[in-house]
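# Structural overview for review
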Amino acid sequence: INHIVHNGGLYKRPFNEAFEETPMLVAVLTYVGYGVLTLFGYLRDFMRQWKIEKCQNATEREEQKDFVPLYQDFENFYNRNLYMRIRDSWNRPICSVPGAKVDMMERVSHDYNWTFTYTGRVIKDIINMGSYNYLGFAQKAGTCQEAAAKVLSQYGAGVCSTRQEMGNLDKHEELEKLVARFLGVESAMAYGMGFATNSMNIPALVGKGCLILSDELNHASLVLGARLSGATIRIFKHNNMQSLEKLLKDAIVHGQPRTRRPWKKILILVEGIYSMEGSIVRLPEVIALKKKYKSYLYLDEAHSIGALGPSGRGVVEYFGLNPEDVDVMMGTFTKSFGAAGGYIGGKKELIDYLRTYSHSAVYATSLSPPVVEQIITSMKCIMGEDGTTVGKARVQQLAENTRYFRRRLKEMGFIIYGNEDSPVVPLMLYMPAKIGAFGREMLKRNIGVVVVGFPATPIIESRARFCLSAAHTKEMLDTALKEISEVGDLLQLKYSRHRLVPLLDRPFDETTYEETED
């Protein structure tokens, strides 16, 4: 299904997203694969129960058998019998900066992935297609590293206090003023952890008697924050404005359950780029609905800040919108800025309120000074305030890499999800056996990739997820594409029925193509 939207003049640019339907045969074989794995899982559990096979998972001791169970046996069924078979595809330890290339420690398992031992060998120069290093600021040399090292020698590594006590440094104040200027908002506040920026601030903004309308594919931090708030939560279909509008209408017409009183607040939760789908929020339509129905908008720009827009200011700039139309602008420093932590930007009244009532502000230790300096230096570089055009060049390079990589994968015949401008590129694998196989085969060819399966995705939509970086050269991308194509042929992953025809004379950063349908 291709979406090419110019909705009543809301969009100032083409908005192209593709979510090709799963082929019927592939879906059937995927369900059969999970069925076979489940049957063998029950057989192995039976053998473990009768001591025919050694039981490696956590269980109660014999003398505790009559107690209330500490470990829910069936809840771990998936971990024991499905995840454990391909556990070597995750948690791989790297021992270098997570830049365009990484070094990885080699490990082996002699008990079918229950435990790992390290061989002592280091696999060098693996092309890193998995880190969220969108603008290439994860580096061990350069202006950011030098500035962070200088601040480390002056301030030390830790602050050992909260912002409200003895942990409020001049560097924190400088960072927050810079973030507000970068976003184009009145005020901003920085937090030490991106996940907690969502999970601890949403409960401070809404509570009992409020309504949260949340996209069905929102990140776990947004989901946790919504649940902790005590507000009523209703889910709308992913990026579906008809579904969102119906929920808004129903909320206003019917009010709260039983009492029918109006909701105290209605808060819409969306993300800029969805990290598993590679899709971009339909922000112009969301803002139009928010204004029409007098609700509030909370925008999570964890993956889009730095990675979208002509000057890297995120999804608001990408669509040419006014930052004042977004009530709460949230983002993280962990991706495009190569650092740690998160921020919230908005009106001064909002930020002053959060400084007093947010658990993240009141109880959490302040950001580490060298981390703050890394954010300040990288943000100034993106804004061009360092006196160079390096930041702008990185934003443009990321956009070129994204379009080139996505187009080439589609030409090869893979099913690729998401928006053509999204640096998150999901390649569909579907079948459970192909999750582990793809990760292992790519590592054999010195390409590091992230593979994702259930429960992070729907059970039949397992995928590999590539994250593009401005640090990737064209030679690196061509090497990765050649190996991906080879593994795709080996594992028969080229499922697409809408293969693109490559134009041989097309320049590297061109995005037009011809499409043929078999």
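Quantities reported herein were computed from a predicted structural model and do not represent experimental measurements. (Residues numbered from 1 in each chain as written. Predicted model: local features only at pLDDT ≥ 70, side-chain atom pairs only at ≥ 80, totals over all residues. Heavy atoms only, no water.)

Pairing is antiparallel across the open sheet formed by three strands, whose spatial order is β13-β16-β15. Single-partner strands in this sheet number two, and they are β13 (424–430) and β15 (450–452). For this sheet, the mean angle separating the axes of adjacent strands, direction not counted, is 25°. Where β13 lies against strand β16 (residues 462–467), six bridges are found, and the strand directions are antiparallel. Paired with Leu427 across the two strands is Ala464, which belongs to β16. (Pairing = 2+ DSSP bridges. Helix = DSSP H or I, 4+ residues; strand = E, 2+ residues; numbered from the N terminus. Axes fitted to C-alpha atoms, helices over the stretch in contact; angles between N-to-C directions.)

Below, the discussion takes up the pattern of salt bridges. Enumeration according to the criterion identifies 34 salt bridges in this entry. In this structure, the salt-bridge partner of Asp45 is Arg48, at a minimum N-O distance of 2.8 Å. Remark: Arg48 and Asp45 occur in helix α1 (residues 24–49); sequence separation between them is three residues, near one turn of the helix. Overall, Arg48 belongs to the buried group, its relative accessible area being 7%. Lys444 is the salt-bridge partner of Glu441, the closest N and O atoms lying 3.1 Å from each other. Separated by three residues within a single helix, Glu441 and Lys444 lie in helix α14 (residues 432–444), roughly one turn from each other. Since its relative accessible area comes to 16%, Glu441 is described here as buried. Through salt bridges with shared partners, a single network forms among Glu441, Lys444, Arg445, Lys482, Glu483 and Glu486. (Salt bridge = Lys/Arg side-chain N within 4 Å of Asp/Glu carboxyl O. Buried < 20%, exposed > 50% of the residue type's maximum accessible area, 1.4 Å probe, protein only.)

We now examine the environment of Glu277. Mapped onto the fold, Glu277 is located in the loop between β8 (266–271) and α8 (283–292). Here Glu277 falls in the buried class, since its relative accessible area comes to 9%. Along the backbone, Glu277 and Asn419 are 142 residues apart, and their C-alpha atoms lie at a distance of 8.7 Å. Contact partners of Glu277, with chain neighbours within four places excluded, come to Phe19, Leu217, His238, Tyr417, Gly418, Pro426 and Arg463. In this structure the side chain of Glu277 is engaged in a polar contact, spanning 2.9 Å, whose partner is the side chain of Arg463. (Contact = heavy atoms within 4.5 Å. Polar contact = N/O pair within 3.5 Å; in protein donor to acceptor, adjacent residues only side chain to side chain.)

Bringing the side chain of Glu17 into the picture now. Relative to the assigned elements, Glu17 resides in strand β2 (residues 16–18). For the buried residue Glu17, which engages in no salt bridge, the nearest side chain bearing the opposite charge is Arg282, 4.8 Å off. Looking at Glu17, its side chain comes within polar contact range of the main-chain nitrogen of Ile280, at 2.7 Å. (Lys, Arg positive; Asp, Glu negative; His and termini not counted.)

On to the UniProt feature "domain: Aminotransferase class I/classII large" (unreviewed entry) in the protein chain. Feature annotation in UniProt places "domain: Aminotransferase class I/classII large" (unreviewed entry) on residues 124–484, given in this structure's numbering. In this annotation, residues 124–484 is assigned 43% helix and 17% strand; the end-to-end C-alpha distance for the span is 19 Å. (UniProt positions renumbered as here; feature names shortened; annotations may be inferred.)

Parsing the protein chain into structural domains produces domain 1 (20–128 + 390–497) and domain 2 (143–383). Computed over C-alpha atoms, the centres of domain 1 and domain 2 are 29 Å apart. Here domain 1 and domain 2 share an interface that buries about 1,300 Å² over both sides, 60% of which is from carbon and sulfur atoms. Where domain 1 touches domain 2, the interface holds one salt bridge. (Domains from an automatic or database assignment. Buried area = accessible area lost by both parts, 1.4 Å probe.)

The next thing to look at is the nonpolar core. With 106 residues, the main nonpolar core has Met129, Phe405, Leu409, Phe438 and Phe466 as its most contacted residues. A domain split of this core shows at least three residues from each of domain 1 (20–128 + 390–497) and domain 2 (143–383). Excluding its chain neighbours within four sequence positions, the residues that come into contact with Phe438 are Leu429, Val449, Val451, Ala464, Phe466, Val487, Leu491 and Leu493. The next biggest cluster of nonpolar side chains, apart from the first, holds 21 residues, and it includes Met189, Ile202, Ala226 and Tyr298. (Core = buried A, V, L, I, M, F, W, Y, C linked by side-chain atoms within 4.5 Å.)

Counting buried positions along α8 yields seven of 10 residues, so the element is predominantly enclosed. Those residues of α8 not exposed but buried are Leu283, Pro284, Glu285, Val286, Ile287, Leu289 and Lys290. In the core, the buried residues of α8 are packed alongside α7 (241–254), β8, β9 (296–300) and α9 (315–318). Positioned one or two residues after α8, Lys294 has a phi angle of 55°, which is positive.

Further remarks concern the pairing of strand β10 (residues 328–332). Counting buried residues along β10, five of its five residues qualify, which places the element largely inside the surrounding structure. Here β9 pairs with β10 via three bridges, running parallel. When the bridges of β10 are listed, Leu299 appears paired with Met329. For β10 and strand β11 (residues 342–346), the ladder comprises four bridges, and the chain directions are antiparallel. Across the sheet, Gly331 pairs through a bridge with Tyr343, a residue of β11.

Spatial ordering of the open sheet is given by β5-β11-β10-β9-β8-β6-β7, a layout of seven strands whose pairing is mixed. Since the sheet does not close on itself, it has two edges, and those belong to β5 (187–191) and β7 (232–236), each with one partner. Between one strand axis and the next, the sheet turns by 20° as a mean value, whatever way the strands run. Relative to the sheet, α7 contacts β6 (211–215), β7 and β8, its axis offset from that of β7 by approximately 150°. The strands touched by α8 are β8 and β9; relative to β9, the strand with the most contacts, the crossing angle is about 155°.

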